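Overview (structure and organization)
Here is what each chain is made of, one letter per residue.
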Amino acid sequence: MPADLLAHALAAKGFMPEDEGEFLHRVASERLPHGPALEVGTYCGKSAIYLGAAAREVGGTVFTVDHHRGSEENQAGWEHHDATLVDAEFGVMDTLPIFRRTIARAGLEDQVIALVGRSTTVARHWRTPLSLLFIDGGHAEEHAQNDYSGWAHWVMPGGALVIHDVFERPEDGGQPPYHVWLRAVASKAFEPARTVGSMRVLTRVAGDAGDSAG
Ligand code: SAH
Ligand code: MG
């Protein structure tokens, strides 16, 4: 990871530990020559810098999907709420302006393309095989499962499915991302490959990667 981009990633608001971010960057560097990558869960662009840095080095494009209204756990009164991200007119979160500034500062506007909307809606209209899918969106069971159903079947053979915040033990964190990992393994379409912290990488083998073909 180039030092200038690492500095931008470390300075960005968000939820991506440095070791997991650098790991994500490494996986993306290997995969991006084969096709675009897509992230579900942009927030303020922190993980997108790690992905975009890989695109700047090896070529390629990173799409990142978010409605920018925050997950349940980002709303007022919840653990991961940041009051500076509330839009005064609508009284709801808006992370899009911060994302835009973050990516512009990092000089990655040509590599990182924002898709603003619900993951399920964007997925329904998506038609492009992915070299890498990074699932880091809503952590409620419904949203995590929808992200798998909507996107996993777009991962090309040999491609990487990366799931963040996977905690096997309930005392370490919420279970939905782990349930998605179990589902991916059970589908036989993916095989576990590598893990750093709560970030798990699986490789697409063959088979039916999801129940919703869009
Ligand atoms: N990858 C980010 C963290 C993402 S936080 C980082 O590195 O910091 C999860 C994000 O998922 C939030 O910004 C939230 O708005 C988004 N999200 C949650 N549910 C969603 C859905 N159904 N569709 C689109 N985005 C969603
Ligand atoms: Mg996360």
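What you see is a predicted model; the values in this text were computed from it and never measured. (Residues numbered from 1 in each chain as written. Chains lettered and ligands numbered in written order. Predicted model: local features only at pLDDT ≥ 70, side-chain atom pairs only at ≥ 80, totals over all residues. Heavy atoms only, no water.)

1. Some words on the overall build of the protein
Defined as follows: Numbering of helices and strands starts at the N terminus; helices are DSSP runs of H or I of at least 4 residues and strands are runs of E of at least 2. Here the globule rule reads 2.2 Å times residues to the power 0.38, and the radius of gyration is calculated from C-alpha atoms. Only protein chains enter the accessibility calculation, which uses a 1.4 Å probe; a residue is then buried when its area is under 20% of its type maximum, exposed when over 50%, and partly exposed in between. Residue contacts follow a heavy-atom distance rule, with two residues in contact if any of their heavy atoms lie within 4.5 Å. A 1.4 Å probe and the Shrake-Rupley method give the accessible areas. Residues count as covered only by the protein chains that appear here. By the counting scheme adopted, Arg and Lys are positive, Glu and Asp are negative, and His together with the chain ends is not counted. To locate a charge, take NZ of a lysine, CZ of an arginine, CG of an aspartate or CD of a glutamate.
When its secondary structure is counted, the protein shows seven helices and nine strands. Compactness check: the protein gives a C-alpha radius of gyration of 16 Å against a globular reference of 17 Å for 214 residues, within 12% of the reference. Judged by the C-alpha coordinates and their principal axes, the protein covers about 45 × 35 × 35 Å. Per-residue burial over the protein gives 51% buried out of 214 residues. Long-range contacts, defined here as pairs at least 24 residues apart, represent 73% of the contacts in the protein between residues at least 6 apart. Accessible surface for the protein amounts to roughly 9700 Å². Of this, 53% is attributable to carbon and sulfur atoms. Mean positive and mean negative side-chain charge positions of the protein (18 and 29 charges, respectively) differ by 4 Å.

2. Some details on the nonpolar core
Let me state the cut-off plainly: The nonpolar core is taken to be a set of buried Ala, Val, Leu, Ile, Met, Phe, Trp, Tyr and Cys residues, with the residues joined through side-chain atoms within 4.5 Å.
By size, the foremost hydrophobic cluster in this structure holds 30 residues, and its most contacted members are Ile49, Leu132, Phe134 and Val162. For this core, the elements supplying multiple residues, two or more each, are α1 (3-11), α2 (18-31), α3 (46-58), α4 (96-106), β6 (130-135), β7 (155-163) and β9 (199-204). It is α3 that provides the largest number of residues to this core, a total of seven residues. Not counting residues within four places of it along the chain, the set of residues in contact with Leu132 comprises Val27, Ala28, Arg31, Pro36, Ala37, Leu38, Leu51, Ala160 and Val162. One finds Trp126, Ile135, Leu202 and Ala209 within the second-largest nonpolar core, a separate group that totals 27 residues.

3. Remarks on the packing of aromatic side chains
Note the following rule: Pairing of aromatic side chains here covers Phe, Tyr and the six-membered ring of Trp, requires ring centres within 6.5 Å, and sorts the geometry by plane angle: under 30 degrees stacked, over 60 edge-to-face, intermediate tilted.
Taken as a whole, this structure holds five aromatic pairs when the rule is applied. Taking the centre distance of 5.2 Å and the plane angle of 75° together, the rings of Phe63 and Trp126 count as edge-to-face. Linking Phe63 in strand β2 (residues 62-66) with Trp126 in the loop between α5 (119-125) and β6, this pair joins segments that are 63 residues apart in sequence. Summarising the burial analysis for this pair, Phe63 and Trp126 share the class buried. Ring geometry for Trp126 against Trp151: centres 5.5 Å apart, planes inclined by 65°, an arrangement best described as edge-to-face. Placement of Trp126 in the loop between α5 and β6 and of Trp151 in helix α6 (residues 141-151) is noted, with a sequence separation of 25 residues between them. Taken individually, Trp126 and Trp151 each receive the classification buried, so the pair is uniform in this respect. Taken together, the aromatic side chains of Phe63, Trp126 and Trp151 make up a single cluster linked through ring pairs.

4. Some thoughts on unusual backbone geometry
Even without being a glycine, His68 presents a positive backbone phi close to 65°. Following the sequence through the fold, His68 ends up in the loop between β2 and β3 (86-87). Of the residues examined, His68 reaches a relative accessible area of 1% and is grouped as buried. Despite not being glycine, Lys188 shows a phi value in the positive range, around 70°. Within the secondary structure layout, Lys188 lies in the loop between α7 (176-187) and β8 (190-196). What makes Lys188 exposed here is its relative accessible area of 67%.

5. Topic: empty space enclosed by the protein
To keep things clear, this is the line we draw: Grid points spaced at 1 Å over the protein atoms alone were grouped into cavities, where a 1.4 Å probe fits but cannot get out, and pockets, open sets with protein on both sides within 12 Å along at least five of seven lines, with lining residues defined by an atom within 4 Å of a point. Grid points are joined across faces, edges and corners, and a volume is the space filled by probe spheres set on the points. Residue classes follow a fixed rule: Ala, Val, Leu, Ile, Met, Phe, Trp, Tyr, Cys and Pro count as nonpolar, while Asp, Glu, Lys and Arg count as charged, and any other residue, Gly among them, counts as polar.
According to the stated counting rule, one finds one cavity of 30 Å³ or more in the structure shown. Volume-wise, the largest cavity comes out at about 50 Å³. Together, Ile135, Asp136, Gly137, Gly138, His139, Ala144, Ile163, His164 and Pro177 line the largest cavity. The residue makeup of the lining of the largest cavity, split by class, is four nonpolar, four polar and one charged.

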